[in-house]
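Chain by chain, the residues:
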Amino acid sequence: MNVHALRRQLQAAGRRIAGWQARVNLCLGLAAVLLGVWLFSLLDLCLRYGRISRVAVWLVVMGLLGAAAWWTARALGRHFGAQAVAAMIEKAFPQLDNRLINYLQFAADPDADAFKQAYVSHGVPEWQGLNLGAMRDRRLHRRALLALAGALALCLLPGAFLGQAWAIAVWRVVNPFTDTRPATLTHILSVTPGDATVLQGSPLVLTCTVQGRRGHPVHLDLDPADREPTTYALGRIAGSDPQTFTYRLPRVNTGARYRFRAGDAAFPAWYRVDTRPPLAFVGLDAAVAPPGYTRLKPGRFDALTQDVVVPQGSELDLQARFNLPLQALALVRGKAEQPLAQGEAPTAWRGKLPMTDETPARLVAAAANGDRAEQALRLTFLPDRLPEIQVLAPEGRPVLTAGAAPLIAFTVSDDYGLQEVAIEQVSGDSAAEADGRVVQRWEGGGAGELTQTWTDEEAHSRTNSMLAYRIVARDNCPFGDASRAARSAVIVFATPTAKQVSQQRNELEKAAHVALAQVIELQQRNLNKTRALQENLEAAPAAQWQEAAQCQERIRGMTKTLLANPLNPLGNLTASVKKVYLGEMADVIPVLGGLPDAAAAERAGRAERAVGMEEKILRQLTLADVASAKSGIQQRVSALAGMLGRMIREEDTVRKQTQSLAEQLNARAGKPLIERQDNLALDVTDFVSLCRSESSAATAGDEKLAALLLALADQCEQQKVRGDMMMASEKLEQGPPAAAVPHESEALRKLQELLARLDEIQAQEKREQEEALLEALEEAKKRIAKLEDIQRKALESMDAVADQKDKNNKETDKLEEEYEELEKNLKEAMLQIPTDLNVFMELNVANDLVEDVFTVFEEIRQAPGSENMGAGDVTERALAKREEYLAGMQEARERIDALEQWLADKPDSMKITAEPFDKEEMPKAGMALGALTTEAEDLIGDLLQKNEEMAEQADDGAINTGVPDTLANAEVKEGDVSSFAAQGKSGNETPDHKEQDGRSNVGRQGMADGETAAGSGTISEGDKNIEARRTQEPTQSGQVDVEGEDVQTKATGGGKLGTGKADEAGMAGGVERMDSMEAGSAEGLEALMAQQADALYAKASMQNVRADALKNAAHHIRQSADAIARGNIAQLKEHRKMALAALKKAKAQMDEAATGSFNLEPNPSMLDDVVEGGPELAPAKYRDQVAEYYKALSSGL
Amino acid sequence: MKLPNCTWFLLVLLAAAAPAAPVRRLGAAEPSNLCYNGSFDSTNAPLDGWTTDYTWQGNSHYMGNHTRISQQPEHAGHKRVLHMAVSAETKVESRAIPIELGSRYRCELELAGNVDPHIYFTGYKWEPGVHPYANPHLGDLRRIYKSEFRNHKVSGLSGGWRRVSFEFPLENLSELAMKSLKEVRFVTVFIIAVDGSAGDLFVDNVKVTKLSAPPAAPARKTTRKESSR
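What this report covers is the structure whose coordinates are included nearby. (Residues numbered from 1 in each chain as written. Chains lettered and ligands numbered in written order. Predicted model: local features only at pLDDT ≥ 70, side-chain atom pairs only at ≥ 80, totals over all residues. Heavy atoms only, no water.)

1. A word on the overall build of chain A
Scanning chain A from N- to C-terminus turns up 23 helices and 41 strands. Looking at the 1197 residues of chain A, the share that counts as buried comes to 45%. Expressed as a percentage of contacts within chain A between residues at least 6 apart in sequence, the contacts between residues at least 24 apart total 71%. As presented, chain A carries roughly 60,400 Å² of accessible surface, and 52% of it is formed by carbon and sulfur atoms. (Helix = DSSP H or I, 4+ residues; strand = E, 2+ residues; numbered from the N terminus. Buried < 20%, exposed > 50% of the residue type's maximum accessible area, 1.4 Å probe, protein only. Contact = heavy atoms within 4.5 Å. Areas by Shrake-Rupley, 256 points an atom, 1.4 Å probe, with all protein chains shown as cover.)

This is the structure:
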């Protein structure tokens, strides 16, 4: 064998050895792969890989497989050299020794020595017979195969126990891309609704159907977008049949995802629930176009947020926008449905609708997905109301005296304009809708208001005992039918004969007189009873006090009836009785009723108050009784004068008509003229009869007047006035009218003579009244002077006693008692008299505020002994009028700055009395006022200890000497000149108890008449005894922030401590109301009108003519002036309207008085504003409070 | 090393003096002067800390106030004194001194001249809206308190320098005074010359000290005396 062959054989052997190694590697690699599959499958059974895990696992398995393959290929591809194979063979066959290698090496050496050659030539005879197969490691091969078989068995073995589950697991491991789910005991069969989109806010039911092992739990995992995920346990599987589990979401507001988990059911899927918004209105614009006749402007509204105001007959243009496309939109009104049209987009719709009635409307929208949305329209329907008719006069049931013409004053108003107003004459018992005879017609012309005073000029038969009218008004509304009209109630005038009128009047007056007498008697009795109870205060039983209170209630009720009596039986004392009715009559009831429940210490005071009030009531009623008698007579005289005046006017008219006819050729008098003359003749008869009957009625009260009336009747008869008229009538009937003129003229002259005589008597009566009034005033003055004198003497006596060294206590005590009694009486009397007020001028006011007033406290050590100073230490300083100040009062120069000031350490012991300027001397323009600073310093200290008697003695008199500004330094004290600089300090003394003028910042509480200039500040302790604190000017604006503790602020009626204007409520100021007097200004005109209305009211009252409406008119005129000042046009219009109505009513009232006509029904306007008190109805402990409340309310009327 | 004799002596002296030093500190405490530049010799400016210029008040009476006040190098043996040349109402105030509520303060000063000034403590609080800061300008403070003045009116100064003193607040404060006082945060020494004819006023050595004991007397309520009848 040569070496080459050997080499080839060795190489073949090497390949064989590599193959053996590769086989072993393959077996071991596959075993590893199988073990991996087994292991991962086993884990899948427990862990249930997800997709990613499965891929990862598969990659691992593939990695193992790859590694095995690589390992096998590597072993297979290994190349052994011949010598390496020889070495391996020599190792496996030791008998070869090294011969095989040596042979190969020696043979490779071409220059081998002989030995080597010999060795080579010898060859390797052992080679031939070698069994190379023995070289294979059979044990290793067997182990590798065993490993492979074991791994395979391990893979197959779980299949025997787990069956398909194992196969699925193996399959899921080896094929990660299959969707085969792991085998479980429980399966989720279905889930509803799965992925879904639901209506936002709607409920949703989640359902799943499962089947599986009994006892397996079922859960719901809910993961809303707006909160943390939540798991709900739905229950457990009860059996092997499919079972359904549900969960209800009450409201789905946001998106969410959810899944059901059931037992071991693998990989429960998440489902998504999305929401969609409900169909909704995004915008709803409404354009309202009112009908032209209303003259209203078109309006635009956001109908979703605003009320849409729709006048009747308007066209409503609706534009709606939605969040979703719509399929249909309709306006539903009642049962009617009107579709709207789609606009530019499916989400925008619009439509126009006529609005003729106020049926509620709603919009109903339907979306393509079936959603519906409704929106009620907030419509405020303004119907065209029927005209409003207000009858200003007559009120109640008027009774006309003979010949008096019916007079109707009315106002008709309509919201959009009047078409026609008519007065129809109807029968008294006609139905409401029945048409009457139109006696007067006015064209409305589209005006909003028509005010008319109409007098029936037609002659009516004297046999008619009643005339009835009705006002009919039609507006310009085009939507109604012909019957659309407003009708007033029937206005009935009773027209009895003069005798009947007189009789009725007598009856009414008699009844009123009896009622008044009864009230007076009742009050007298109750007063006596109350006095008796007062004397026996402790023992008086509660029931008797209650009886007294009930009696007062009765008296009040009867007084109310009297006040409402249309004949005005209380005459010119009606107003004062009304005041008592509202005041004392109401107050005394709770005082009496609550007396038993009052504390023992308070009873005496309450009883005294009750007696005082009852005395006042009795006094007023007694005075009213006297006035009542006079009132009746004067009213009769007024009626007769009015009747005579009317007859004169009519006779004059007849004469003029006759003369006119006489000038015409062949003209004859018509029947109406003849009848008019006849009627006048009959009126003369009535007049005579009336004079005689009134004379007999007046005999008891006024004999002089009775005689006069009788004389008038006699004169009328003797002069044959009626005869003249009858002759004139005959001449008119028989021949040419000229023949009647002399008789008519004669009758007219005689009537005028009668009237002149009557007027003279009336004028004399008035003069006597005025003289009596002046006399009474003089008397009052004398009495006051006497009271002052008594007080002065009493004080002097007391001083004299006090000065005695040997003080006689008894005498002092007696004097003190007397003095106290006297002082009490004086206080009562003097409080009623506003002394010193006359010296105050009408101040200018400036709405100028010191914004910040701050307080500086100064320590004061009172001068020793000054606290013991007495009245004797007071020195007086009297100052004459200082003319030099007048010029300075008219102008405010540059403001003078303040210097340092200090407090006094001794109390004021100087009494200053200054001669005041007369009002006429004061500057016409009032006090000049300079500008104020924005902040001011107030200086206060502890109040000085002071003898009260001395303090009163040192009170200064009222001063009206003022300066716009002054240099203030040194001590803070009251001086003899008032300053308007608002620089004064509060100081450390209480203010003098007097009215003080000038401007001031907040200081110590006291009485002041001037202007408060501080915008804020602290009111310090001061004079506790203040009746009121008021500004002269009720129209001043502003408000002070009062910071003081426990201080009284009594100011009312305007000014900076109480804003607003005081006309009725509160106090109007110390002088008459200040209105603008600027010539030509609207306010000035209003003020003038109001003053004239007031003056006329006063005059009418003096004549016993009721003209309450005039007072109301003045009130409304002032209110309208205020409205002008505020620029409130709406209020201005309303007040002017009310003022006009009041003036019309006043005219009618005065006309009635002139003719002697009267109403048979109570006057409704007299007490209609009265707030009926309820204190007696309140629990005892609250009666006082409630009484105060009602008093305040009633006093505002 | 040997120390010299004098060194031993000094060491003994120091040892003996050591315990004496604290005793002297405690026993001889001088109350500090709260009034800045009360001797009118500040190196910043002679009248540093004293308010003489009141033009910020806008009050016409005090527009020229600062022109009437100056430092005078010497007057009647006192060097560097405040001089008020009074020709109209003239006033001067020390720097605002923060006070401790409940404590009492004493002011001592020396006066000379021929006018009769009023001198008292004036109490201030912060003007509304002003943020507190150190050494405030009087324009940022609001005056709300004046200590008693009647006994601080100094008369008869023509005889040369005169030392006066007064205290604040009163010993027995009323409720109203207490109410006002509790708002006070600073006081100044307020010197004002008003009445009398023109003249000169010299002020020196103004010293404000806090008294050790705060007032302990109960509050007194002012009552009005009843009528003697």
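2. Examining the overall build of chain B
The secondary structure content of chain B amounts to 3 helices and 10 strands. Walking chain B from its N terminus toward its C terminus, one meets helices and strands in the order α-α-β-β-β-β-β-β-β-β-α-β-β. Buried positions account for 41% of the 229 residues belonging to chain B. Counting contacts in chain B only where the partners sit at least 6 residues apart, residues at least 24 apart contribute 75% of the total. When the accessible surface of chain B is totalled, it reaches about 12,200 Å², and 55% of it is carbon and sulfur.

3. What about the interface of chain A and chain B?
Counting from both sides, the interface comprises 39 residues of chain A and, opposite them, 39 residues of chain B. Buried area between chain A and chain B, summed over both chains or domains, comes out near 3,400 Å², and the portion from carbon and sulfur atoms is 44%. Contact with chain B buries surface across chain A, with F857, E859 and W902 of chain A losing the most and accounting together for 22% of the total. Where chain A meets chain B, there are 6 salt bridges. (Buried area = accessible area lost by both parts, 1.4 Å probe. Salt bridge = Lys/Arg side-chain N within 4 Å of Asp/Glu carboxyl O.)

4. Some details on the sheet that holds strand 4 (residues 217-224) of chain A
All names here are of chain A. Taken together, 5 strands build an open sheet; the order of strands is 2-8-7-4-5 and the sheet is mixed. Looking along the sheet, the strands with just one partner apiece sit at the ends: strand 2 (196-199) and strand 5 (230-236). The average angle at which neighbouring strand axes cross in this sheet is 25°, direction not considered. In the sheet, strand 4 pairs with strand 5 via 6 bridges, with the strands oriented antiparallel. By the bridge assignment for strand 5, L220 is matched with Y232. (Pairing = 2+ DSSP bridges. Axes fitted to C-alpha atoms, helices over the stretch in contact; angles between N-to-C directions.)

5. Let's talk about the environment of R163 of chain B
All names here are of chain B. Relative to the elements of secondary structure, R163 occurs in strand 8 (residues 162-168). The exposure class assigned to R163 is partly exposed, which follows from its relative accessible area of 45%. With 55 residues separating them along the chain, R163 and E108 place their C-alpha atoms 7.0 Å apart. Non-local contacts of R163, meaning those with residues more than four positions away in its chain, are made with E108, L109 and E110. Here E110 takes part through its side chain, which lies 3.3 Å from a polar atom of the side chain of R163. (Polar contact = N/O pair within 3.5 Å; in protein donor to acceptor, adjacent residues only side chain to side chain.)

6. Examining the packing of aromatic side chains
Summed over all chains, the structure comprises 23 aromatic pairs over all chains. Ring centres 6.0 Å apart and planes at 85° place the aromatic pair Y258 of chain A and F260 of chain A in the edge-to-face group. A relative accessible area of 1% places F260 of chain A in the buried class. Taking the centre distance of 5.4 Å and the plane angle of 35° together, the rings of F857 of chain A and Y145 of chain B count as tilted. In this pair, F857 of chain A sits in strand 29 (residues 852-858) while Y145 of chain B sits in strand 7 (residues 141-146), so the two residues belong to two different chains. On the basis of relative accessible area, F857 of chain A is assigned to the buried category, the value being 1%. Linked through ring pairs, F857 of chain A together with F121, Y145, F166 and F168 of chain B together constitute an aromatic cluster. The side chain of R556 of chain A reaches across the aromatic face of Y581 of chain A, ending 4.2 Å from its centre. It is K91 of chain B that lies over the ring of Y54 of chain B; its NZ or CZ is 4.5 Å from the centre. (Phe/Tyr/Trp six-rings, centres within 6.5 Å; stacked < 30°, edge-to-face > 60°. Lys NZ or Arg CZ within 6 Å of the ring centre and 35° of its normal.)

7. Section: the nonpolar core
Taken as a class, soluble globular proteins show a tendency for nonpolar side chains to be buried jointly. In terms of nonpolar packing, the biggest core is built from 40 residues, with L109, L111, F121, Y145, I191, V203 and V206 of chain B touching the most fellow members. Those elements that provide at least two residues to this core are strand 2 (78-86), strand 5 (105-113), strand 6 (118-126), strand 7, strand 8, helix 3 (175-181), strand 9 (186-193) and strand 10 (199-210) of chain B. Ranked by size, the runner-up nonpolar core spans 39 residues in total, among them L680, L712, V721 and A747 of chain A. (Core = buried A, V, L, I, M, F, W, Y, C linked by side-chain atoms within 4.5 Å.)

8. Some remarks on helix 6 (residues 138-162) of chain A
With 25 residues, helix 6 of chain A should reach 36 Å at 1.5 Å per residue; the first-to-last C-alpha distance of 36 Å fits that figure. Restricting attention to buried positions, one finds in helix 6 of chain A the residues H141, A144, A151, C155 and P158 of chain A. (Expected span 1.5 Å × (residues − 1).)

9. A few points about the pairing of strand 1 (residues 69-75) of chain B
Residues and elements named next belong to chain B. The pairing of strand 1 with strand 2 spans 6 bridges and is classified as antiparallel. Across the sheet, Q72 pairs through a bridge with V81, a residue of strand 2. Linkage of strand 1 to strand 2, two consecutive antiparallel strands, is achieved through a turn of 2 residues, within which A76 is found at a positive phi near 45°.

10. Topic: helix 4 (residues 99-108) of chain A
All of the buried residues in helix 4 of chain A are R99, L100, I101, Y103, L104 and F106 of chain A. Elements in contact with the buried residues of helix 4 of chain A: helix 1 (3-47), helix 3 (82-92) and helix 5 (114-122) of chain A.

11. Some details on the pairing of strand 6 of chain B
Residue and element names in this part refer to chain B. Counting buried residues in strand 6 gives 8 out of 9 residues, a clear majority hidden from the surface. Bridging between strand 6 and strand 9 involves 7 bridges; their strand directions are antiparallel. If you follow T122 over to strand 9, its bridge partner there is T188.

12. Notes on the packing of helix 6 of chain A against helix 7 (residues 164-174) of chain A
Residues and elements named next belong to chain A. For the pair helix 6 and helix 7, interaxial distance at closest approach is 6 Å and the crossing angle is 140°. Taken together, the axis directions place helix 6 and helix 7 in an arrangement best described as oblique. Where helix 6 abuts helix 7, its residues C155, P158, G159 and L162 lie against Q164, A165 and W166. Of the residues contributing to the contact of helix 6 with helix 7, the split by class is 5 nonpolar, 2 polar and no charged. (Parallel < 35°, antiparallel > 145°, perpendicular 65-115°, else oblique. Nonpolar A, V, L, I, M, F, W, Y, C, P; charged D, E, K, R; others polar.)

13. Side note on the state of the cysteines
Residue and element names in this part refer to chain B. For the structure on display, the rule yields 0 disulfides over all chains. Free of any disulfide, C35 has its nearest neighbouring cysteine sulfur in C107, separated by 6.9 Å. Its relative accessible area of 4% is what places C35 among the buried residues. (Disulfide = S-S within 2.5 Å.)

14. As for a nonpolar patch on the surface
Judged by side-chain polarity, L28, W70 and W71 of chain A come together as a nonpolar surface patch covering roughly 320 Å² of accessible area. Positionally, W71 of chain A belongs in helix 2 (residues 51-76). (Patch = residues over 30% accessible without salt bridge, like charges linked within 9 Å, V, L, I, M, F, W, Y side chains within 5 Å.)

15. A closer look at the pattern of salt bridges
Residue and element names in this part refer to chain A. One pass over the structure, following the stated rule, counts 47 salt bridges over all chains. Note that R257 is salt-bridged to D223, the shortest N-O span being 3.0 Å. Linking R257 in strand 7 (residues 256-262) with D223 in strand 4, this pair joins segments that are 34 residues apart in sequence. Since its relative accessible area comes to 32%, R257 is described here as partly exposed.

16. Considering the sheet that holds strand 5 of chain B
Residue and element names in this part refer to chain B. If you trace the 5 strands from one edge of the open sheet to the other, you get 1-2-10-5-8, paired in antiparallel fashion. Each edge of the sheet is formed by a strand with only one pairing partner; in this case those strands are strand 1 and strand 8. Strand-to-strand, the axes of this sheet are offset by a mean angle of 35°, without reference to chain direction. Relative to strand 10, strand 2 is paired through 5 bridges, and the arrangement is antiparallel. Looking at the pairing, H83 lines up with F202 of strand 10.

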